[in-house]
Amino acid sequence: MSDAAPISNELPQTDSLDAPARPAATPHRTLHMIGNAHLDPVWLWPWQEGYQEARATFWSAIERMNEYPDFIFTCDQVALLSWVEESDPALFERIRRRVAEGRWVNTGGWWVEPDCNMPMGESFVRQGLYGQRFLRSRFGRIATVGMNVDPFGHNVMLPQILRGQGMDSYVFLRPGPHESTFDDTLFWWESPDGSRVLAYRIPYEYGSPPDAIDGQADKALGALDRSIGDAMIFYGVGNHGGGPTKANIESIHRYDRMGSFGRMIMSSPRTYFDEILADTERLERLPVRRDDLQHHAPGCYSAHSGIKAWQKRAQYALLSAERWAAIVAVRDDVDYPRVQLERAWKQVLFNQFHDVLPGSAIDSAYTDARDQLGEAVAVSKRILVRSHNVLARQVAIPFEEESQPVLVFNQHPWPVTTDVNLNYGSQKMGVHVVDDDGRAVLFQHTQPSATTGDRSRGAVVFRAEVPALGYRLYRLRPGELPVEPSSGSLTVSDRVLENDLVRIEIDAASGWISSYLDKATGIDVMRDVDGSTHTQICQDPTDTWGHRVLSYAWPGAPMSTTRIIVRETGPLRSRLRIERAWGASTLIEEFLLDRDSASLRIDVSLDWRERAHLLKLRFPTRLEAPEATYDVPFGTVRRPVDGSEEPAQSWVDLTGIVGGRPAGLTVVTTNKHGFDASGGAQPSIGVTAVRSPVYSWHDPRLLQNDGIYSYQDQGMQRFSVELVPHAGDWRNADPDRRAIVLGSPVRAMLESSHGGILPARHSFVSDAAGQVRVTAVKGSEDAVDSAGSGTTDLLVRAVESRGEPAIARIDLPVVGRVLEEAFGPNQVRTFRVPRDPGLPVVEVDLIEEPLTVGAPAPAASPESGATEPVEPLPEPGAEDRRSSTAVRPMVD
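Residues numbered from 1 in each chain as written. Predicted model: local features only at pLDDT ≥ 70, side-chain atom pairs only at ≥ 80, totals over all residues. Heavy atoms only, no water.

### Remarks on the overall build of the protein
Defined as follows: Here a helix means four or more residues in a row that DSSP labels H or I, a strand means two or more in a row labelled E, and each is numbered from the N terminus. Both definitions apply: the radius of gyration is a C-alpha atom measure, and the globule rule equals 2.2 Å times residues to the power 0.38. Buried means the residue's accessible area, taken with a 1.4 Å probe over protein chains only, is under 20% of the maximum for its type, while exposed means over 50%, and partly exposed covers the values in between. In what follows, a contact means two residues having at least one pair of non-hydrogen atoms within 4.5 Å. Note on areas: Shrake-Rupley with a 1.4 Å probe; residue coverage comes only from the protein chains shown. The sign given to each residue is positive for Lys and Arg and negative for Asp and Glu; His and the chain ends receive no count. Charge placement uses NZ in Lys and CZ in Arg. For Asp and Glu, CG and CD serve respectively.
If you tally the helices and strands in the protein, you get 13 helices and 42 strands. Computed over its C-alpha atoms, the radius of gyration of the protein comes to 29 Å, within 12% of the 29 Å expected for a compact globule of 892 residues. For the protein, buried positions account for 62% of its 892 residues. For the protein, contacts bridging at least 24 residues in sequence account for 73% of all contacts bridging at least 6. A total accessible area of about 32100 Å² is found for the protein, and carbon and sulfur atoms account for 51% of it. Separation between the mean location of the 92 positive side-chain charges and that of the 120 negative ones in the protein comes to 3 Å.

Here it is, written out as structure tokens:
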């Protein structure tokens, strides 16, 4: 009898060919065998190779369906389907028919399997927005099971995001039981807002060798929490694609007849979760986890600084571009550039893939990533500049002899007070700055971008106060007229930076802060700290991922302070430059203190020339009993103060006691993601500034002493840090908004004089810097607005940012509306706002479909029935046949 013959999988019946029933001793459980082909579109190969492998893998899966009528294939990563659609329409049509049959099951719903810690919250929304809308438009149904089998950790806000995208369950692998603090295979995973998904940790591995699956089953059962009963086992050659092989499938049939592991059925995650969700008693017994799912490879949060910086830049650029594009679309009937924005977002989302953004891909992959993210930024800039010019030409700017109008645009939906750097020309006598009312504003001269002999060219930095998601007019007037500050003092020397709010003292030997006194409270969170610990360089023997790393809070050598000089002084700000060196590397930190600010900005230039070493920037404090808070996408999470290497979006806070009073220090960064909070006599926040492992080096492979390797992060990189001491807890520092403004500065634009209908200052959207923060202002994805006019509605998304219930007021002058809505702790809500005030505002989910009352309900199992007639599939021609074993199985 052929092992490939169709057989029934029901106990205790026999199969259609009178095969004997399973033995009576067969374990009483059902194993759902999940045929899949995890495909890294880029990793140890370029994306171009992944593009071809997607087509080859999908043909292999279609052929297995022709050969085995019970075979079911589970597919995730929508980008792969889009590649096949554009390169092989015939194959895509076969996939579409198999989806209708229920034998090709699309899961995941995201563009790729991204890193699940570092991208911004809006990026996770866009993963599902574009992924699920693709599935809906091509197959008539979205994915209802989230699936990220290979990413190295998962932030706690994902359950809310998944539910908002129509998914009620989640499949993952990492961290394994040996890497985490929990042993559960099946559990409820809950976000801080209360959203839950049913989570399943794949036992052992998501892929298998190309031969019999007995080894896979043995190891999966060994790693399984046996209390769950029925389970899923994943099989199929993966990483470089491939998928289930004939040997895989036939061995499942064979071991099912033998009863070796229990009842084995070809299945999908949706079928498995439906069975679990139908068992109310069982659901009530499941544990609930209300935390991140960490850690697998902590070194990936600091590997390849370049990709982290490029990603942050591209995400900020796109969020700004779509905000301004939406404003001019609903206000001025300018076409909303939906296609261009979607293309740019997909470039960003693709490069959040869990082997690109974490820095674990081959060297050449980052040339492609830089180009693709550069394309996204270029598209964003074109959209933004067009939008700004559409608005600027409408602003009434009276002519004024010899003055230069400057429009400052604020892309943030809250008012921003900030310093604006501006280069100017044709002013040999210098300039001063006035606002739209003609009042002098604080300014001072600074070093221009160009170094020429043209004395008419220069640069100023001036204080701008700009309305929320709006603009304000300023002018450069000829002549250097000093502006006397209305109050306050500002002094700087090589040992002290001081204003009316704080006094910061610098230790000459270490070049670091020895005192940071808050004059209003008398609290000094950094009094007499050991400045020599600020820079810590040590050897880093760990691989690219940082496998098996718990902490990088290792002892290290300090960099030598080589020079401290006052770089800039004036009525607006002081700048102190500290230079350091170690080995062949140099570090420059420029401290900037504004006249009216209690926070200190540090602009960092690091020229790194060390191999297999790392640099920690440590920020020691005098806090007692500290607690650590990290920011994660759309929220925050508390973590132990134990030196563990942890991921974060942009900031980490330590809050404790100083002199019997609550106080703390928040450290905000622009594009760093690896942090620690360490205890001891001087509790500190550590930022992993750089690691320089070999590209794509995976232990247990050992490096040869005489080997020739390519090392990461050689050369210059720049980033910024902001130190924010505070009384009370982290909420008083407003770190989310600080991080966003630090990473995405306002834009100053030189303009001409002309008439117009717009005033000299204006706001289009505002959350008033309240407890609820607007995270997205964009055009609707539907090409037809609520009135059917073919333009766009306004989409507004916001999140509660303090972990407390709130009533939000969001002003929308651009459409003449106000939203007043209740938000639960950390809740994300999205509203579709028509331009026509006579049409209602509609709350939508994260894929921009109208929100139903209550929690999203799981869709029917895709394999439960076809949604359209299915025509018989012709046998593929010989030219379309693919080998199911010509693949390279790899791990990670």
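Anyway, onward from the coordinates.
### Points about unusual backbone geometry
Cis geometry marks the peptide bond from arginine 174 to proline 175; its omega dihedral reads 5°. Its place among the elements puts proline 175 in the loop between strand 5 (169–172) and strand 6 (186–190). Residue aspartate 699 is joined to proline 700 through a cis peptide bond whose omega torsion reads 15°. Counting through the fold element by element, proline 700 comes out in the loop between strand 33 (684–691) and strand 34 (715–727). Positive phi is not limited to glycine here, since asparagine 239 has a value of about 80°. Topologically, asparagine 239 is positioned in the loop between strand 8 (231–235) and helix 7 (246–258). Residue class for asparagine 239 comes out buried when judged on its relative accessible area of 1%.

### Regarding the pairing of strand 13 (residues 431–434)
For clarity, the cut-off: Two strands qualify as a pair provided DSSP detects at least 2 bridges between them.
Going residue by residue along strand 13, you find Val431 and Val433 tucked away on one face and His432 and Val434 tucked away on the opposite face as well. Both strand 13 and strand 16 (residues 470–478) contribute to a ladder of 4 bridges, which runs antiparallel. Within strand 16, the residue paired with valine 434 across the bridge is arginine 475.

### Considering the sheet that holds strand 17 (residues 490–492)
Working definition: the strands of a sheet are paired by backbone hydrogen bonds and lie parallel or antiparallel to each other. Which entries qualify depends on this criterion: An axis is simply a line fitted to the C-alpha atoms; with a helix, the fit covers only the stretch in contact. Between two such axes, the angle follows the N-to-C directions and lies from 0 to 180 degrees.
Spatial ordering of the open sheet is given by 17-18-19-20, a layout of 4 strands whose pairing is antiparallel. At either end of the open sheet lies a strand with only one pairing partner, and these are strand 17 and strand 20 (513–518). Across this sheet, the average inter-strand angle for adjacent strands is 5°, counted without regard to direction. Bridge count for strand 18 (residues 496–499) against strand 19 (residues 502–506) is 3 bridges, and the pairing is antiparallel. Of the residues in strand 19, the one forming a bridge with glutamate 498 is arginine 503.

### Looking at helix 10 (residues 305–332)
Note: α-helices contain 3.6 residues per turn, so residues at a spacing of three or four share the same orientation. The condition that has to hold: The span you would expect from a helix comes to 1.5 Å times its residue count less one.
Its 28 residues place the ends of helix 10 40 Å apart at the C-alpha level, agreeing with the 40 Å of an ideal helix rising 1.5 Å per residue. In terms of residue burial, helix 10 counts as a mostly covered element, since 23 of its 28 residues are buried. Immediately beyond the C-terminal end of helix 10, within one or two residues, lies aspartate 333, with a positive phi of roughly 60°.

### So, the sheet that holds strand 29 (residues 646–647)
One open sheet accounts for 5 strands, arranged 21-26-33-32-29; its pairing is antiparallel. Only two strands of the sheet have a single partner each, and these edge strands are strand 21 (535–539) and strand 29. The pairing of strand 29 with strand 32 (residues 674–678) spans 2 bridges and is classified as antiparallel. Residue pairing for strand 32: glutamate 646 is matched across the bridge by phenylalanine 675.

### Thoughts on the packing of helix 3 (residues 89–101) against helix 4 (residues 121–139)
Cut-off, in case you're wondering: Should an angle fall under 35 degrees it is called roughly parallel, over 145 degrees roughly antiparallel, and 65 to 115 degrees roughly perpendicular, with every other angle called oblique. Residue classes follow a fixed rule: Ala, Val, Leu, Ile, Met, Phe, Trp, Tyr, Cys and Pro count as nonpolar, while Asp, Glu, Lys and Arg count as charged, and any other residue, Gly among them, counts as polar.
Between helix 3 and helix 4, the least distance of the axes is 10 Å, while the angle of their chain directions is 85°. Taken together, helix 3 and helix 4 sit at an angle that is classed as roughly perpendicular. Packed against helix 3, whose contacting residues are Phe92, Ile95, Arg96 and Val99, the element helix 4 presents Phe134, Arg138 and Phe139 at the interface. Residues belonging to the contact of helix 3 with helix 4 are distributed by class as follows: 5 nonpolar, no polar and 2 charged.

### A word on the confidence of the model for the protein
Caution is warranted with low-pLDDT regions, since their predicted coordinates should not be read in detail. The cut-off we apply is this: Scored from 0 to 100, pLDDT records how confident the predictor is in each individual residue.
A residue-level look at the protein finds 92% of positions with pLDDT of 70 or above and a mean pLDDT of 92. Every residue in residues 854–892 scores below 50 in pLDDT, and together they form 91 contacts with partners more than four places removed in sequence or on other chains.

### So, the pattern of salt bridges
For the record, the criterion: Here, a salt bridge means any Lys or Arg side-chain nitrogen found within 4 Å of an Asp or Glu carboxyl oxygen.
Counted by the stated rule, this structure contains 72 salt bridges. In the salt-bridge network here, residues are joined through shared partners; they are Arg563, Arg567, Glu568, Arg573, Arg575, Arg577, Glu579 and Glu590.

### Topic: the packing of aromatic side chains
Aromatic ring pairs are described here by two measures, namely the spacing of the ring centres and the angle between the planes. Stated precisely, the cut-off is as follows: Note on aromatic pairs: the rings of Phe, Tyr and Trp (six-membered ring only in Trp) are paired at centre separations within 6.5 Å, and the planes decide the class, stacked below 30 degrees, edge-to-face beyond 60, tilted for the rest. Placement of a positive charge over a ring is assigned whenever Lys NZ or Arg CZ falls within 6 Å of the ring centre and within 35 degrees of the normal to the ring plane.
Per the counting criterion, the structure on display carries 31 aromatic pairs. On the numbers, 5.7 Å between centres and 50° between planes, the contact of tryptophan 83 with phenylalanine 350 is tilted. One end of the pair, tryptophan 83, is in helix 2 (residues 78–87); the other, phenylalanine 350, is in helix 11 (residues 338–350), with 267 residues separating them in the sequence. When sorted by exposure, tryptophan 83 lands in the same class as phenylalanine 350, which is buried. Between the NZ or CZ atom of arginine 639 and the centre of the ring of tyrosine 630, over which it lies, the distance is 4.8 Å. Lying across the ring of tryptophan 414, arginine 737 places its NZ or CZ 4.7 Å from the centre.

### Quick word on the packing of helix 4 against helix 11
Put simply, the test is: Throughout, a crossing is termed right-handed when the near helix is turned clockwise from the far one, and left-handed when it is turned anticlockwise from it by less than a right angle.
Axis separation between helix 4 and helix 11 bottoms out at 10 Å; the angle between their running directions is 115°. As for how helix 4 packs across helix 11, the hand of that crossing is left-handed. Two secondary-structure elements touch here, helix 4 through Ser123, Arg126, Gln127 and Tyr130 and helix 11 through Leu341, Glu342, Trp345, Lys346 and Leu349.

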